[in-house]
Amino acid sequence: MKIICIGRNYIDHAKELKNPVPKKPLVFMKPPSALLINNKPLYYPEFTKDLHYELEVVLKIAKNGRHVQDEFASDYYDQVALGIDFTARDVQAKCKEKGHPWEIAKGFDNSAALSNFVNLSKLPDPKAIKFQMKRNGKLVQNGNTKDLIFSFDYIISYVSQYFKLQQGDIIYTGTPAGVGPVQIGDVLEGFLEGDKLLETSIK
Ligand code: MG
């Protein structure tokens, strides 16, 4: 399976990191070994001093497809989860400065926390999914997928021009504003439509 990620997909987040708002989706991947499931803890990696959380809505690909047209894209996903795109921000900054790929900052072991999936049909509005992150009980991110720059359907059609989508692949769709550093001992909780789906502690 592939873990596809979209960067800078909320205007307020692009601005907080002083990045330009992209005209096309910014796509990168994490290896399957990055997955962190069952609310397991993340051990703070020794190669960074600035580990950040990014809470994101994650799509699960329901069937294989390539060159998917926009109008058929919604047939390719029917479940969503919450995920944390853990990022070594200091390592990423160095990669960006040199124009290097940023996998070592984004795709390291356990950098892709993932909750259980829920059916989109169970949500009040699949085009306006509310999701929140609390760090040590304090609200730090408050997102709504209606604010996405590139919609789920557009992401599916865009990504499938380059990569064959395969059943079971997952797509991290980007983080809203409010990203920030974590410390050892922190507890991160992710909420989807008010239900806690994800909890990860930093050790
Ligand atoms: Mg991200």
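As a reminder, the structure under discussion sits directly above these lines.
Residues numbered from 1 in each chain as written. Predicted model: local features only at pLDDT ≥ 70, side-chain atom pairs only at ≥ 80, totals over all residues. Heavy atoms only, no water.

With that settled, the discussion passes to the state of the cysteines. Under the defined criterion, the tally for this structure stands at zero disulfides. This cysteine, cysteine 5, is not joined by any disulfide, and cysteine 95 carries the nearest cysteine sulfur, 15 Å off. (Disulfide = S-S within 2.5 Å.)

This part takes up the coordination of the magnesium ion. Glu54 (OE), Glu56 (OE) and Asp85 (OD) make up the full set of protein donors to the magnesium ion, lying at 2.0 to 2.1 Å. Sequence spacing among the residues donating to the magnesium ion works out to E-x1-E-x28-D. Neither glutamate 54 nor glutamate 56 differs from the other in exposure class; each is buried. (Donors = N, O, S within 2.8 Å, 3.2 Å for Na, K, Ca; no water. Buried < 20%, exposed > 50% of the residue type's maximum accessible area, 1.4 Å probe, protein only.)

Applying the stated rule across the entire model yields nine salt bridges. A salt bridge links arginine 89 to glutamate 54, with the nearest nitrogen and oxygen atoms 2.9 Å apart. On the criterion of sequence distance, the pair formed by arginine 89 in helix 2 (residues 89–98) and glutamate 54 in the loop between strand 4 (51–53) and strand 5 (55–61) is long-range, its members being 35 residues apart. Across the pair, glutamate 54 and arginine 89 agree in class, each one buried. In the salt-bridge network here, residues are joined through shared partners; they are Lys30, Glu54, Asp85, Arg89 and Lys106. (Salt bridge = Lys/Arg side-chain N within 4 Å of Asp/Glu carboxyl O. Helix = DSSP H or I, 4+ residues; strand = E, 2+ residues; numbered from the N terminus.)

Okay, the sheet that holds strand 4 next. The strands making up a sheet associate through backbone hydrogen bonding, with each pair oriented either parallel or antiparallel. Within the open sheet, the three strands sit side by side as 7-4-13. Their pairing is antiparallel. What marks the edges here is a single partner per strand, and that holds for strand 7 (87–88) and strand 13 (180–181). Here two bridges tie strand 4 to strand 7, and the two strands are oriented antiparallel to one another. Bridging from a neighbouring strand, leucine 51 pairs with alanine 88 of strand 7. (Pairing = 2+ DSSP bridges.)

Once that is clear, we can look at the packing of aromatic side chains. Enumeration according to the criterion identifies seven aromatic pairs in this entry. On the numbers, 5.4 Å between centres and 75° between planes, the contact of phenylalanine 47 with phenylalanine 108 is edge-to-face. Highlighted residues: phenylalanine 47 in the loop between strand 3 (35–36) and strand 4 and phenylalanine 108 in the loop between helix 3 (103–106) and strand 8 (112–114), separated in sequence by 61 residues. A residue is classified by how much of its surface remains accessible, and phenylalanine 108, at 8% relative accessible area, is buried. Considering the side-chain rings of tyrosine 158 and tyrosine 162, the 5.4 Å spacing of their centres and the 55° angle between planes classify their relative orientation as tilted. Classification of tyrosine 162 by relative accessible area gives exposed; the value is 54%. One aromatic cluster in this structure is built from Phe150, Tyr154, Tyr158 and Tyr162. Lying across the ring of phenylalanine 191, lysine 134 places its NZ or CZ 5.0 Å from the centre. (Phe/Tyr/Trp six-rings, centres within 6.5 Å; stacked < 30°, edge-to-face > 60°. Lys NZ or Arg CZ within 6 Å of the ring centre and 35° of its normal.)

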